[in-house]
Amino acid sequence: MKFPGRRKLKHYFPVSQMKPTLPFLEVRPDRDTYIVGLDETIVDVVASVNDAFLKQHDVTKSLSNLVDHKTATSIYQQLIDSGSISDHFAGGTIGNTLHNYSVLADDKSVLLGVMSSNIALGSPAYHYICHTSSKVDMNHLQGVAGDIGRGITLITPDGERTFAIAPGDMDELNEDHIPEDIIAGASAFVTCAYPIRHHGKPIQKALILSLEYAKRHSIPVVMSLGTKHLVEENHQQLMDIIHKYVDILAMNELEAEALTGLKDPLLAADAALEFVDMVLLTAGPDGLYLCGYTDDEFKRETTNPIKSGTLADFNRFEFSRPLSKKACTSPIKVFSHIDPYMGGPEKIKNTNGAGDGALSALLHDIAANNFHREVMPQSSKHKTNYLAYSSFAQICKYSNRVSYEILAQNASRLSKGLPEKEDSLEESYWDR
């Protein structure tokens, strides 16, 4: 387990000592630190098109559109004929997040979903496996006769992303392939809202069973909301699931508005904290917010400039560490915000995966906290049951840095870990 950022000497413990045995590729719930994610396994095909192309295929701009196999094949063939495809990438919100987590932590994660039983060269399943970290444990995937999903990302000249999704067999995941022991041993269970829209498909029941297992074993549940359109169409069902199971929400400002009815990101995050313990909210060029709870006894005041928006002095206690609300004797809300790292990349080809990158950094910090607690249970870092290792402000920095790395490339997944030290960062960046 690599730790997120530089760490002070008093919290040091050996993580790079020689291992006496060869590493196990498959997760061992009683020994390993890992996270588990459930996803619709899908490959992203990225292509540049114009608005006329979207109208031709009756695809609604800026939304995630489900299309049948025939329509997807027609779109794909036309893109090939016109030379518009830039690349194939393994995709899926949670697939991206798990891959990024394993790259950042240099440690294991477990993917639950489906995979083609017979994988042919050039098939969606082939591209998926080729573009996924070897640290992502796929031994618990369910084999299916057909293809996994194919998501065609259509980028128009204005930079907007439109998705045409051909599901294949990605929603055939059933309850028999949800391992309770794997979920019970995880540092967190992460999923997204996409399976909720597939009424009558096995993946819905598989998702609910996974959430039940996580709740039974007190594993933090993290949910990414998907798209604004999905939240609007499935609002009541989504709210019921969030109230019952979810501890941490990850969303962008549009999804937050659809969920809470509040346009201002800070107010939307504040409203969401009434039913979850933590909110990660990405707000595009305005940066990102990380909001949650800490106990009044353990609050720590920031030395950064105090910020005010729709909430006055909202970042005053951003040096505090996150706690679940029920773990607090006297809970207080904590808000932290950070502007885009270095102002953002000079040129952004597309924003696909930036939010997944931010979420993977948060998950890394949560897992690192569990790992440190197991190795050094007497450390002052664990005088109470914190949700994460770092403060709200420091996690903000880390999530922001990972998002930048995604935006600076033309792929939705990290191709390498972050450098140990960067010339662009002042010496005290990770120490604060």
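Just so you know, these numbers come straight off a predicted model, no measurement behind them.

Asker: What should I look at first to understand the overall build of the protein in this one?
Answerer: Per the secondary structure count, the protein includes twelve helices and 16 strands. Looking at the 432 residues of the protein, the share that counts as buried comes to 57%. Expressed as a percentage of contacts within the protein between residues at least 6 apart in sequence, the contacts between residues at least 24 apart total 77%.

Asker: What is the right way to read helix H6 (residues 202–216) from this model?
Answerer: The terminal C-alpha atoms of H6, which comprises 15 residues, lie 21 Å apart, in line with the 21 Å expected from a rise of 1.5 Å per residue. Among all positions of H6, only Ile203, Gln204, Ala206, Leu207, Leu209, Ser210, Leu211, Tyr213 and Ala214 are buried. Where H6 is buried, its residues contact strand E1 (35–38), helix H5 (180–184), strand E11 (189–192), strand E12 (221–224) and helix H8 (235–245). Looking one or two places after H6, you find Ser218, whose phi comes out positive at around 55°.

Asker: Looking at this structure, how should I read the pairing of E11?
Answerer: In the case of a regular strand, side chains alternate between the two sheet surfaces. Here E11 shows a buried face lined by Phe189 and Thr191 and a second buried face lined by Val190 and Cys192. Both E1 and E11 contribute to a ladder of two bridges, which runs parallel. If you follow Val36 over to E11, its bridge partner there is Phe189. Taken together, E11, H6 and E12 constitute a β-α-β crossover, and its handedness is right-handed.

Asker: Even after reading the chapter, I still don't get the side chain of His337, so can you show me in this structure?
Answerer: Among the structural elements, His337 can be located in strand E16 (residues 331–338). In this structure His337 comes out as buried when scored by relative accessible area, which is 13%. In this structure the side chain of His337 is engaged in a polar contact, spanning 2.7 Å, whose partner is the backbone oxygen of Asp286. For His337, the side chain forms a polar contact with the side chain of Lys307, separated by 3.0 Å. Residues within four places of His337 in sequence aside, it is in contact with Asp286, Gly287, Leu288, Tyr289, Lys307, Phe314, Glu318 and Cys396.

Asker: I keep staring at the pattern of salt bridges and nothing clicks. Help me out?
Answerer: Summed over the entire model, instances satisfying the criterion amount to 15 salt bridges. The closest approach of N and O atoms between Asp32 and Arg28, which form a salt bridge, is 3.5 Å. Given a relative accessible area of 13%, Asp32 falls into the buried group. For Glu180, the salt bridge is made with Arg216, and the minimal N-O distance between the two is 2.9 Å. In this pair, Glu180 is assigned in helix H5 and Arg216 in helix H6, connecting sequence segments 36 residues apart. Under the relative-accessibility criterion, Glu180 is labelled partly exposed at 25%. Residue Arg216 is classed as exposed on the basis of its relative accessible area, which comes to 52%. Here the salt bridges share partners, and the residues they tie into one network are Arg28, Asp32 and Lys108.

Asker: Would you mind showing me how to read unusual backbone geometry here?
Answerer: Backbone phi values are negative for most residues with the exception of glycine, while trans is the configuration of most peptide bonds. Located in the positive-phi region is Asp58, a residue other than glycine, with phi close to 55°. Within the secondary structure layout, Asp58 lies in the loop between helix H1 (51–56) and strand E3 (64–66). A relative accessible area of 69% places Asp58 in the exposed class.

Asker: Would you explain the packing of helix H11 (residues 354–375) against helix H12 (residues 392–407) in this entry?
Answerer: Axis angle and axis distance: for two packed helices, these are the angle between their axes and the distance between the axes, and together they describe the pair. Direction vectors running N to C along H11 and H12 enclose 145°, while the axes themselves pass 8 Å from each other. In the crossing of H11 with H12, the sense of the turn from one axis to the other is right-handed. Side by side, H11 and H12 meet where Ala354, Gly357, Ala358, Ser360, Ala361, Leu362, His364 and Asp365 of the first sit next to Ile395, Tyr398, Ser399, Val402, Ser403, Ile406 and Leu407 of the second. Class assignment of the residues belonging to the contact of H11 with H12 gives a composition of nine nonpolar, five polar and one charged.

Asker: I would appreciate a short explanation of the nonpolar core in the present structure.
Answerer: The nonpolar side chains of a soluble globular protein tend to be buried, and buried together. In terms of nonpolar packing, the biggest core is built from 103 residues, with Ile242, Leu249 and Leu259 touching the most fellow members. The element contributing the most residues to this core is H11, with eight residues. Beyond its immediate chain neighbours, meaning those up to four positions away, Leu259 contacts Leu225, Val231, His235, Leu238, Met239, Ile242, Leu249, Met251 and Phe275. Among the nonpolar cores identified, the runner-up in size contains 15 residues, and Val45, Tyr76, Ile152 and Ala166 belong to it.

Asker: How should the confidence of the model for the protein be read in this particular structure?
Answerer: Detail in the predicted coordinates should be disregarded across regions flagged by low pLDDT. In this model, the protein carries an average pLDDT of 88, and 90% of its residues clear a pLDDT of 70 or more. Low pLDDT, under 50, characterises residues 423–432; the predicted model gives this stretch 19 contacts beyond four residues in sequence or across chains.

Asker: I keep staring at the sheet that holds E12 and nothing clicks. Help me out?
Answerer: Each strand in a sheet pairs with its neighbour through backbone hydrogen bonds, running either in the same direction (parallel) or in the opposite one (antiparallel). If you walk across this open sheet you meet the nine strands as E7-E5-E1-E11-E12-E13-E14-E15-E16, and the pairing is mixed. Looking at which strands have only one partner, the edges of the open sheet turn out to be strand E7 (136–137) and E16.

Asker: In this structure, what is going on with the packing of aromatic side chains? I would like to understand it.
Answerer: A ring pair, where both rings are aromatic, is described by two values, the distance of the centres and the angle of the planes. All chains considered together, the criterion is met by two aromatic pairs. Ring centres 6.4 Å apart and planes at 50° place the aromatic pair Tyr289 and Phe314 in the tilted group. Here Tyr289, found in strand E15 (residues 288–295), pairs with Phe314, found in the loop between E15 and E16; they are 25 residues apart in sequence, far enough to count as distant. Each member of the pair Tyr289 and Phe314 is classed as buried. On the basis of an interplanar angle of 65° and a centroid distance of 6.2 Å, the ring pair of Phe298 and Tyr386 is categorised as edge-to-face. Here Tyr386 lies in the loop between H11 and H12 and Phe298 lies in the loop between E15 and E16, a separation of 88 residues in the sequence. Judged by its relative accessible area of 17%, Phe298 falls in the buried class. Owing to a relative accessible area of 7%, Tyr386 belongs among the buried residues under this scheme.

Procedures and definitions
- Residues numbered from 1 in each chain as written.
- Predicted model: local features only at pLDDT ≥ 70, side-chain atom pairs only at ≥ 80, totals over all residues.
- Heavy atoms only, no water.
- Helix = DSSP H or I, 4+ residues; strand = E, 2+ residues; numbered from the N terminus.
- Buried < 20%, exposed > 50% of the residue type's maximum accessible area, 1.4 Å probe, protein only.
- Contact = heavy atoms within 4.5 Å.
- Expected span 1.5 Å × (residues − 1).
- Pairing = 2+ DSSP bridges.
- Right-handed = clockwise from strand over helix to strand, strands pointing away.
- Polar contact = N/O pair within 3.5 Å; in protein donor to acceptor, adjacent residues only side chain to side chain.
- Salt bridge = Lys/Arg side-chain N within 4 Å of Asp/Glu carboxyl O.
- Axes fitted to C-alpha atoms, helices over the stretch in contact; angles between N-to-C directions.
- Left-handed = near helix turned anticlockwise from the far one by under 90°.
- Nonpolar A, V, L, I, M, F, W, Y, C, P; charged D, E, K, R; others polar.
- Core = buried A, V, L, I, M, F, W, Y, C linked by side-chain atoms within 4.5 Å.
- pLDDT = per-residue confidence, 0-100.
- Phe/Tyr/Trp six-rings, centres within 6.5 Å; stacked < 30°, edge-to-face > 60°.

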